[in-house]
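Summary of structural features
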Amino acid sequence: MSHSPGLKLKDLGVLQKTLAPITSADLFKPDDCLCKPKSSIQVNRFLSREARIRAPSSLKASVAALGIDVISFSTGRPSPETYPFEQLDLTFSDPAFLTSSSSRNGDDYPASGPLRSIVYRNDPDSSIDISIALSYGYSLGCEQLLQFLTTHITHVLCPPYSDWEICLTVGNTSALEIALRNFANEGDCMLVEEYSYSGMLEAARALNLNLVPIAMDSDGLCSRDLEAVLSSWESCHPDKPKPRLLYTIPTGHNPTGITQPPGRRREVLAVADKHDLLIIEDDPYYYLHFSQAGTRSAATLLPSYLSLSTAGRVIRLDTTSKILAPGLRLGWLTAPKAVVETFQAAHDLGIVHPSGLSQVVVYKLLSEAWGHDGFVEWLAHLADEYGRKARLMLQAMRQALGHRGLEDICSWKDIEAGMFIWLTIDCSSYPGLDHTVESMAAKASIEEHIYTAALEAGVLCCRGSFFCVPSLSVSAEAPDRGDGDRDGDGAVPLAPSKPIVYLRLTFASVSDTDLVRGIERLATALREVFGLT
Ligand SMILES: Cc1ncc(COP(=O)(O)O)c(C=O)c1O
């Protein structure tokens, strides 16, 4: 995390105009990066049956034989002359104009000359034009964007080993699903935070994986519980294979909003090293860390697991969804070369590569219009705006949910990144609460009541139960995992044994006025549900 705008970063290497060149991040890494030791993780040990069986595309391999003065009768690639696109005329926002949110009012927003970019059908002066961008491309992604991302990752994340590669993806949801197919077999167990992203839960369920919830506290994933689960695995789950995969959302966690501090990340990694785990680091909110705001620099970003693991046991997933636009369906993953090759093989049989249109637009935006400094500046502005909205929502919550009886029922933690606030609702005083009813059923019915009352009051919240990972059944002789002070450092457990219902509140796309009104409506609904009127 050494990048600051003063450095004026430049990409290394001059690119030729070539159709779908076979490329590698190694071509664009500085020498000091290539001098680092290689990753030491034994990727073979983690491969699923599907990843072992999958063969690389023979057709794609044969195209590599195409050289200068070779006439190709080989591929089913249409001629670019037949593409009905004359030119793409793009106008981008300029981070330099984003001094405050009030300057970004739709059409009034000024677009300056340099941020207009035209992609021509055939452009001898550019390494990418329509004829290249909209043809079949290389399965890891277009070389121009890979070059930009290599420089970005080298300077912002600094992987501590040399043989990392990048693969463009169609976003983290797709990359995650492929990761599960590549590194887990049906019936395998995967370690996850006790509350987790619903897209991951659904993907894992569809692949028939067993999820193993790891306790969370105010610092997120508990390293102590992770260690307890793994070291007692054989006695607790004698019939199940020991987990090899850990999925985590370290920054602005979805749904709880928690950001793991650097110390916790190091502790989790130490457990992963001890038990030889492969970590899937799903980090869409990494750049939405509020401390970045105003610094115009990536220097304050937290250490990614990718940056900490010298063994290379991390598959880091990044996406443009929260930092540019979700409809681009474009992201990238960074991992040791042997891991990336498994994604490349999966892409050959599935998505082939992300949309050429998205790739060229993002390349023109990041590399040509903004450059590295502009990108970092944009991210800092975005973090600033998210921080402002988070503070506004938290203040509205303090005002509406912090008194008149609701202060004994509602609680939440401030967040330092992302877009989620996790509202904890203590239902001990719920009228007519039947403590004899199975607690899950009782919680589900109270959650339903709160959710419906909120909707009737005019505010849609997300049910916490959507994100809950049910416990795996444990053998009768299993040792107790304990509870309470989970990591022994005073951190508060996230799921105490009271009747608790959670709501996930997202402020990202709500206007300032509606943020305040929405929280007031929620307060009205909760007062009604708990008979506080
Ligand atoms: C943790 C997590 N992973 C992945 C995604 C989806 O990312 P993408 O749009 O890149 O598929 C989300 C979005 O809500 C998320 O919160």
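The paragraphs below set out a description of the structure included in this document. (Residues numbered from 1 in each chain as written. Predicted model: local features only at pLDDT ≥ 70, side-chain atom pairs only at ≥ 80, totals over all residues. Heavy atoms only, no water.)

Some details on the overall build of the protein chain
Assigned secondary structure in the protein chain consists of 15 helices and 15 strands. The buried share of the protein chain, taken over its 533 residues, is 54%. At a minimum sequence separation of 6, the contacts of the protein chain that also span at least 24 residues come to 79%. Surface accessibility of the protein chain: about 22,800 Å² in total, with carbon and sulfur atoms responsible for 54%. (Helix = DSSP H or I, 4+ residues; strand = E, 2+ residues; numbered from the N terminus. Buried < 20%, exposed > 50% of the residue type's maximum accessible area, 1.4 Å probe, protein only. Contact = heavy atoms within 4.5 Å. Areas by Shrake-Rupley, 256 points an atom, 1.4 Å probe, with all protein chains shown as cover.)

What to know about the packing of helix H8 (residues 223–231) against helix H10 (residues 262–274)
Packed helices, taken two at a time, are described by their axes: the angle between them and the distance between them. At a closest axis distance of 9 Å, the pairing of H8 and H10 adopts a crossing angle of 15 degrees. Taken together, H8 and H10 sit at an angle that is classed as roughly parallel. Where H8 crosses over H10, the two elements pack in a sense that is right-handed. Here Ser223, Leu226, Glu227 and Leu230 of H8 come into contact with H10, specifically with Arg264, Glu267, Val268, Val271 and Lys274. A class-by-class count of the residues in the contact of H8 with H10 yields 4 nonpolar, 1 polar and 4 charged. (Axes fitted to C-alpha atoms, helices over the stretch in contact; angles between N-to-C directions. Parallel < 35°, antiparallel > 145°, perpendicular 65-115°, else oblique. Left-handed = near helix turned anticlockwise from the far one by under 90°. Nonpolar A, V, L, I, M, F, W, Y, C, P; charged D, E, K, R; others polar.)

Observations concerning the site of the ligand
Around the ligand, the structure places 14 residues, and the nearest of them are Thr173, Asp282, Tyr285, Thr319 and Ser321. In this structure, asparagine 172 approaches the ligand through a main-chain N or O atom, which is 2.7 Å from an oxygen atom. Between the ligand and arginine 329, the relevant distance is 2.8 Å, taken from an oxygen atom to a side-chain nitrogen or oxygen of the residue. Here the ligand loses 91% of its free accessible area of 400 Å² to cover by the protein chains. (Near = heavy atom within 4 Å. Polar contact = N/O pair within 3.5 Å; in protein donor to acceptor, adjacent residues only side chain to side chain.)

Here we look at the sheet that holds strand E4 (residues 189–193)
The strand order across the open sheet built from 7 strands is E3-E11-E10-E9-E8-E4-E5, with neighbouring strands paired in mixed fashion. Sheet topology places strand E3 (164–169) and strand E5 (210–214) at the edges, where each strand pairs with a single neighbour. Strand-to-strand twist in this sheet, taken as the mean axis angle between neighbours without regard to direction, amounts to 20 degrees. Pairing analysis gives 4 bridges linking strand E8 (residues 245–248) to strand E9 (residues 278–282), with the strands arranged parallel. Residue pairing for E9: leucine 245 is matched across the bridge by leucine 278. (Pairing = 2+ DSSP bridges.)

Structural notes on the packing of aromatic side chains
The relative placement of two aromatic rings is captured by the distance of their centres and the angle of their planes. Taken as a whole, this structure holds 13 aromatic pairs when the rule is applied. Ring centres of tyrosine 195 and tryptophan 422 lie 5.2 Å apart, and the angle between their planes is 65 degrees; this geometry places the pair in the edge-to-face category. Placement of tyrosine 195 in the loop between E4 and helix H7 (198–206) and of tryptophan 422 in strand E13 (residues 420–426) is noted, with a sequence separation of 227 residues between them. For tyrosine 195, a relative accessible area of 8% puts it in the buried group. Centroid distance tyrosine 430 to phenylalanine 530: 6.0 Å. Interplanar angle 80 degrees. Geometry classified as edge-to-face. Remark: phenylalanine 530 occurs in the segment after helix H15 (512–529) and tyrosine 430 occurs in the loop between E13 and helix H14 (439–457); sequence separation between them is 100 residues. (Phe/Tyr/Trp six-rings, centres within 6.5 Å; stacked < 30°, edge-to-face > 60°.)

Concerning the environment of serine 291
Here serine 291 is to be found in the loop between E9 and helix H11 (305–308). According to the relative accessible area criterion, serine 291 is partly exposed, its value standing at 37%. Along the primary structure serine 291 and alanine 380 are separated by 89 residues, whereas in three dimensions their C-alpha atoms are 8.8 Å apart.

Here's the deal with unusual backbone geometry
With omega at 20 degrees, the peptide bond leading from asparagine 254 into proline 255 counts as cis. One can find proline 255 in the loop between E8 and H10. The backbone of arginine 404 sits at a positive phi, close to 50 degrees, despite the residue not being glycine. Relative to the helices and strands, arginine 404 is located in the loop between helix H13 (356–401) and strand E12 (410–411). Under the relative-accessibility criterion, arginine 404 is labelled exposed at 56%.

Re the sheet that holds E13
Taken together, the 4 strands give an open sheet; going across it, the order is E12-E13-E15-E14, and neighbouring strands pair in antiparallel fashion. This sheet does not close on itself; its edge strands, each paired only once, are E12 and strand E14 (462–463). Two elements, E12 and E13, share 2 bridges in a ladder whose sense is antiparallel. Among the inter-strand pairings, cysteine 410 is bridged to a residue of E13, identified as isoleucine 425. Strands E13, E14 and strand E15 (500–506) of the sheet are contacted by H14, whose axis makes an angle of about 40 degrees with E15.

So, the pattern of salt bridges
Close approach of charged atoms allows side chains with opposite charge to pair. Counting across every chain of the model gives 23 salt bridges. One salt bridge in this structure joins arginine 45 and aspartate 276, with 2.8 Å as the shortest N-O distance. On the criterion of sequence distance, the pair formed by arginine 45 in the loop between helix H1 (31–34) and helix H2 (49–53) and aspartate 276 in the loop between H10 and E9 is long-range, its members being 231 residues apart. Residue classification places aspartate 276 among the partly exposed residues on the basis of a relative accessible area of 23%. Across the salt bridge formed by arginine 116 and aspartate 89, the nearest N and O atoms sit 2.6 Å from each other. Separated by 27 residues along the polypeptide, arginine 116 in strand E2 (residues 116–120) and aspartate 89 in strand E1 (residues 87–91) bring together distant segments of the chain. Judged by its relative accessible area of 47%, arginine 116 is partly exposed. (Salt bridge = Lys/Arg side-chain N within 4 Å of Asp/Glu carboxyl O.)

Description of helix H6 (residues 172–183)
In a regular helix each residue adds 1.5 Å, so 12 residues correspond to 16 Å; H6 covers 16 Å between its end C-alpha atoms and thus fits that length. With 9 of 12 residues buried, H6 lies mostly within the body of the structure. Looking only at H6, the buried set comprises Asn172, Ser174, Ala175, Leu176, Ile178, Ala179, Leu180, Asn182 and Phe183. (Expected span 1.5 Å × (residues − 1).)

Comments concerning the pairing of E4
Within E4, 5 of the 5 residues are buried, leaving the element largely enclosed by the surrounding structure. Residue alternation in E4 divides its side chains into two sets, Cys189, Leu191 and Glu193 and Met190 and Val192, and both sets are buried. As defined by bridge partners, E4 adjoins E5 across 5 bridges and the pair is classed as parallel. Pairing of methionine 190 across the sheet is with leucine 211, part of E5. Once you follow E4 into H7 and on to E5, the crossover reads as right-handed. Two elements, E4 and E8, share 3 bridges in a ladder whose sense is parallel. Looking at the pairing, methionine 190 lines up with leucine 245 of E8. (Right-handed = clockwise from strand over helix to strand, strands pointing away.)

Describing the nonpolar core
In this structure, Phe183, Ile315, Met397, Leu401 and Leu423 are the most contacted members of the largest nonpolar core, which totals 142 residues. If you tally residues by element for this core, the top one is H13, at 19 residues. The residues touching methionine 397, leaving out its near neighbours within four places in the chain, are Gly402, Trp412, Ile421, Leu423, Leu505 and Ile519. Formed by 8 residues, the second largest nonpolar core is a distinct cluster that contains Tyr195, Trp422, Cys462 and Ile500. (Core = buried A, V, L, I, M, F, W, Y, C linked by side-chain atoms within 4.5 Å.)

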